[in-house]
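Listed below are the residues making up each chain.
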Amino acid sequence: MAFPVTFLFLSLVSLPLLAAAALGCDRSGRSAGPAPAPPSVAPAPARKQAAQAADGGATPAAAAGDAAAAAGAAPLRADAPFVELAVEGFPSAVVSVPIGATARRPVLIASHGNYDRPEWQCQVWRDIAGDGVFVLCPRGVARPDSPSASDVRFTYESNARLEQEIDAGLAALRARFPEHVDPGAVLYTGFSLGAIMGSAIAARRAALFPRLVLVEGGHDKWTPATAKAFADGGGQRVLFVCAQAGCGGAAAAAAARLEKAGVQTRVARSKEAGHRYDGPVAEETRRALDWLIDGDARW
């Protein structure tokens, strides 16, 4: 079903967002704490389309997908920029779609934090990454302590369960837009709990998630062993984004472990803004994104 953008915008500016600072745990059963206000809507910047020589090149699957779409697919059509995607075995996901695309476009996973909503992550990431890529936002499970029946907040049960939900979501996305979804590597992004769980997932699935954006979380998961596993599996780059001093110090330590293992890293610091992903944090993420995707011709 189409996800009306007007409804989404009104929800974003009218509903308060109280997200948990779940930075220290892999499971999300603790009570919620303060977090970002609902993100504002701003015009998405144009992303570079020119191909560059890749460091390692596009994956064979991605190259095959580009060749298959070389003749040009019919323009992707959708009633609105955000659509609801049925996911087998899981609640529906939200997807930002590249309306009008006539070739295969890459996929960005945007995993939310504790006591958060996938709609908000999709809105922010469409603004950051632009309207020419798919942004798949897995929903997770509803929290029983949500503010009301009309304001349901979500969490993820475990990194293993989130991994299964992402796999099912990717399968559903490819089935719904078979001519437009690139079959290659996926860019993983996560905020807070989504960053924590994404670090564990990427350490064992580096071929699928070789580049990561971890916002306000996911630092302690990078032990020397997991950093080596990520590098050995094909991990390439990790961007840490922080809005708090404590996050910045932990991210720098994690970046050092990843660099030692052979993974390129960068720590981006916004002005002190609290535990959030929108506003100045999103602006800092946008500025650093070109470094993260550099060399991937699909972007």
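Thresholds applied
- Residues numbered from 1 in each chain as written.
- Predicted model: local features only at pLDDT ≥ 70, side-chain atom pairs only at ≥ 80, totals over all residues.
- Heavy atoms only, no water.
- Helix = DSSP H or I, 4+ residues; strand = E, 2+ residues; numbered from the N terminus.
- Buried < 20%, exposed > 50% of the residue type's maximum accessible area, 1.4 Å probe, protein only.
- Pairing = 2+ DSSP bridges.
- Phe/Tyr/Trp six-rings, centres within 6.5 Å; stacked < 30°, edge-to-face > 60°.
- Lys NZ or Arg CZ within 6 Å of the ring centre and 35° of its normal.

J.: Please explain the environment of A80 as it appears in this structure.
T.: Within the secondary structure, A80 is located in the loop between α2 (60–68) and β2 (82–87). Each C-alpha atom of the pair A80 and V97 lies 8.4 Å from the other, and the pair is 17 residues apart in sequence.

J.: Help me understand the pairing of strand β4 (residues 107–111), please; the structure alone is not making it clear to me.
T.: Among the 5 residues in β4, 5 count as buried, and that is most of the element. Alternating residues of β4 divide into V107, I109 and S111 and L108 and A110, and every residue in both groups is buried. Bridge analysis of β4 against strand β5 (residues 134–137) gives 3 bridges, and the strand direction is parallel. Following the sheet pairing, I109 is matched in β5 by L136.

J.: Is there a simple way to explain the packing of aromatic side chains in this structure?
T.: The description of two aromatic rings rests on the distance between their centres and on the angle between their planes. Per the stated rule, a full pass over the model turns up 4 aromatic pairs. Ring centres of F134 and F177 lie 5.6 Å apart, and the angle between their planes is 40°; this geometry places the pair in the tilted category. With a gap of 43 residues between them, F134 in strand β5 and F177 in the loop between α4 (159–176) and β8 (187–191) connect regions that are remote in the sequence. Just as F134 is buried, F177 falls in that class too. When the centroid spacing of 4.7 Å and the interplanar angle of 65° are considered together, the rings of F191 and Y277 count as edge-to-face. Highlighted residues: F191 in strand β8 and Y277 in the loop between β11 (264–269) and α8 (280–293), separated in sequence by 86 residues. A cation over a ring is seen here: R117 above W120, with NZ or CZ 5.4 Å from the ring centre. In this structure, R139 packs its charged tip against the face of F154, placed 5.1 Å from the ring centre.

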